[in-house]
Amino acid sequence: MKRTTLLQIGPLMPALEATLREQHEVLTAQATTAAAPLADMAAAARIMAVVTSAPAGVPAAWLPQLPALKVVSSFGVGLDQLPLDACRAQDLPVGHTPDVLNDCVADLAMGLLLDGARRIAAADRFVRRGDWLKGRYPVTTRVSGKRMGIVGLGRIGQAVARRAAGFDMDIAYNNRRAVDGVALRHEPSLLALAQWADFLVLTVAGGAGTRHLVNAEVLRALGPQGLLVNVARGSVVDEAALIACLHSGALGGAALDVFDDEPRVPAALLAMDNVVLAPHMASGTHDTRQAMADLVLANLHAGLAGEPLPARAV
């Protein structure tokens, strides 16, 4: 394959970076300086592809500076940091990595739910501190047979639902419209879903359209016995309202893999024992990350060849 020039924005998994360097001339830009212009880059006119990740994205202002650009290939399923409208306007294909991470994200969602309800991590800390010698651990919440509300019944949401069915849960979901071919109950009102559910699991896409979708009213509706599980995007939840509801007891607990300003997690959340915290690790298994890397390369090479992308977002 001819060595083409591509721009890598932000870090990627080391094996993927190594493959890109073997096959292409790779220029790099850091996500932290993503607002800086590319005008000084003498090689900008040669760049035929951009490889990035869901958190890093691509600044829309860079696109006009890349006249030879043929494809954007992103590591991750999220699209909120990608300039989709601008890419669509110039018929620039954008690839991402859906489906291959569904199972691992759904697995972690269930793990977070189990931990949040049964307080497993808190119990581990209880034992390690020697507190068991002083008394019994407090009783927790049963998982089996409870009511799960899923916000965003896409591929990952459906994978979560299949797992929840194994726990004999009653499952309903909130989407803008009912999903064809799905037997689960569609609840068009997010507030009503939160009032009904014991566990509210967020698997909805991020972006401006879902920013702070889960606000104080929704959290209070979920209630003092309710548990919020977020494996979507931190922006979907009003984090200040979440902290306030947890602190006041208006919400029972939260299990979070994503945050509004990653990797900075609010100190208030760090201090709460009814909150389970994970470092945005839902897709972080060897199997899934390799499958994601393979799909990044497949999208990249298809775009460079002018062929249909295996997983095209735009």
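As a reminder, the structure under discussion sits directly above these lines.
Notes on the structure follow.

Calculation criteria
- Residues numbered from 1 in each chain as written.
- Predicted model: local features only at pLDDT ≥ 70, side-chain atom pairs only at ≥ 80, totals over all residues.
- Heavy atoms only, no water.
- Salt bridge = Lys/Arg side-chain N within 4 Å of Asp/Glu carboxyl O.
- Helix = DSSP H or I, 4+ residues; strand = E, 2+ residues; numbered from the N terminus.
- Buried < 20%, exposed > 50% of the residue type's maximum accessible area, 1.4 Å probe, protein only.
- Contact = heavy atoms within 4.5 Å.
- Polar contact = N/O pair within 3.5 Å; in protein donor to acceptor, adjacent residues only side chain to side chain.
- Pairing = 2+ DSSP bridges.
- Right-handed = clockwise from strand over helix to strand, strands pointing away.

Attention now moves to the pattern of salt bridges. Taken as a whole, this structure holds 16 salt bridges when the rule is applied. Close ionic contact of glutamate 25 with arginine 46 constitutes a salt bridge, the shortest N to O distance being 2.7 Å. Of this pair, glutamate 25 sits in strand β2 (residues 25–29) while arginine 46 sits in the loop between β2 and β3 (47–53), placing them 21 residues apart in sequence. For arginine 163, the salt bridge identified is with aspartate 107, shortest N-O distance 2.7 Å. Here arginine 163 is found in helix α5 (residues 155–165), whereas its partner aspartate 107 is found in helix α3 (residues 102–118), with 56 residues between them in sequence. Residue arginine 163 is classed as partly exposed on the basis of its relative accessible area, which comes to 23%.

The next thing to look at is the environment of alanine 161. Of note, alanine 161 is situated in helix α5. Overall, alanine 161 belongs to the buried group, its relative accessible area being 7%. The contacts of alanine 161, once residues within four sequence positions are left out, are Ile150, Ile171 and Leu184.

Take aspartate 198: it is sitting in the loop between α6 (190–196) and β9 (199–202). Of note is the side chain of aspartate 198, whose polar atom sits 2.8 Å from the backbone nitrogen of arginine 147. When neighbours within four sequence positions are excluded, aspartate 198 is seen to be in contact with Lys146, Arg147, Leu222, Gln225, Gly226 and Leu227.

Below, the discussion takes up the pairing of strand β1 (residues 5–9). Counted residue by residue, β1 has 5 buried out of 5 residues, so it is predominantly covered. Here β1 shows a buried face lined by Thr5, Leu7 and Ile9 and a second buried face lined by Leu6 and Gln8. As defined by bridge partners, β1 adjoins β2 across 5 bridges and the pair is classed as parallel. Counterpart to isoleucine 9 in the pairing with β2 is alanine 29. In the classification by handedness, the crossover that spans β1, the intervening helix α1 (residues 14–23) and the parallel β2 is right-handed. The pairing of β1 with β3 spans 4 bridges and is parallel. When the sheet's bridge partners are listed, glutamine 8 is paired in β3 with valine 51.

Bringing unusual backbone geometry into the picture now. With an omega dihedral of 0 degrees, the bond running from glutamate 262 to proline 263 counts as a cis peptide bond. Looking at where proline 263 falls in the secondary structure, it is placed in the loop between β11 (253–256) and α9 (267–270). Positive phi, normally seen in glycine, also occurs at aspartate 99, with a value near 70 degrees. Residue position: aspartate 99 is located in the loop between β5 (94–95) and α3.

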